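Chain and residue survey
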Amino acid sequence: MYLRSGRGSKVSRREALAVESSPFFSRAVMYAMIAVSMLASAGFWGWTWYDDNTIVEVTISSPVEAMSASYQVRKKDIEAQRITTVDGIQIRLSNQERVTVKAVEGQ
């Protein structure tokens, strides 16, 4: 008998749960969590968009021809073997060229 009833008062589980949390409180918590999740997602998306559209200066140095050239490029347009400048010019890179990326001053 002792193991079955436990030590606490003889309040049923449903009554205990009903007293502890009201439907309004649980809905408010649920809506707050959804709102925080949506704000975090929107913030992450906005920051990613801003960072991808940041303009950087890319300097390409060629040891074979002993030349270097600088271009302004958005971060999202830098790929492994190709870059696309702000003006829309696509530049293919070779394995021997050295690429240096630097933030544009004044941004």
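The paragraphs below set out a description of the structure included in this document. (Residues numbered from 1 in each chain as written. Predicted model: local features only at pLDDT ≥ 70, side-chain atom pairs only at ≥ 80, totals over all residues. Heavy atoms only, no water.)

What about the environment of proline 63?
Inspection of the secondary structure puts proline 63 in the loop between strand S1 (55-62) and strand S2 (67-78). Among the residues examined, proline 63 registers a relative accessible area of 59% and is labelled exposed. Considering only alpha carbons, one finds proline 63 and glutamine 96, 33 residues apart in sequence, at a separation of 7.2 Å. Proline 63 has contacts with Gln96 and Glu97, leaving out every residue within four places of it along the chain. (Helix = DSSP H or I, 4+ residues; strand = E, 2+ residues; numbered from the N terminus. Buried < 20%, exposed > 50% of the residue type's maximum accessible area, 1.4 Å probe, protein only. Contact = heavy atoms within 4.5 Å.)

Let's talk about the environment of valine 58
Note that valine 58 resides in strand S1. Residues within four places of valine 58 in sequence aside, it is in contact with Ala69, Ser70, Tyr71, Val73, Ile78, Ile83, Val99, Thr100 and Val101.

These results come straight from atomic positions and should not be treated as a statement about function.
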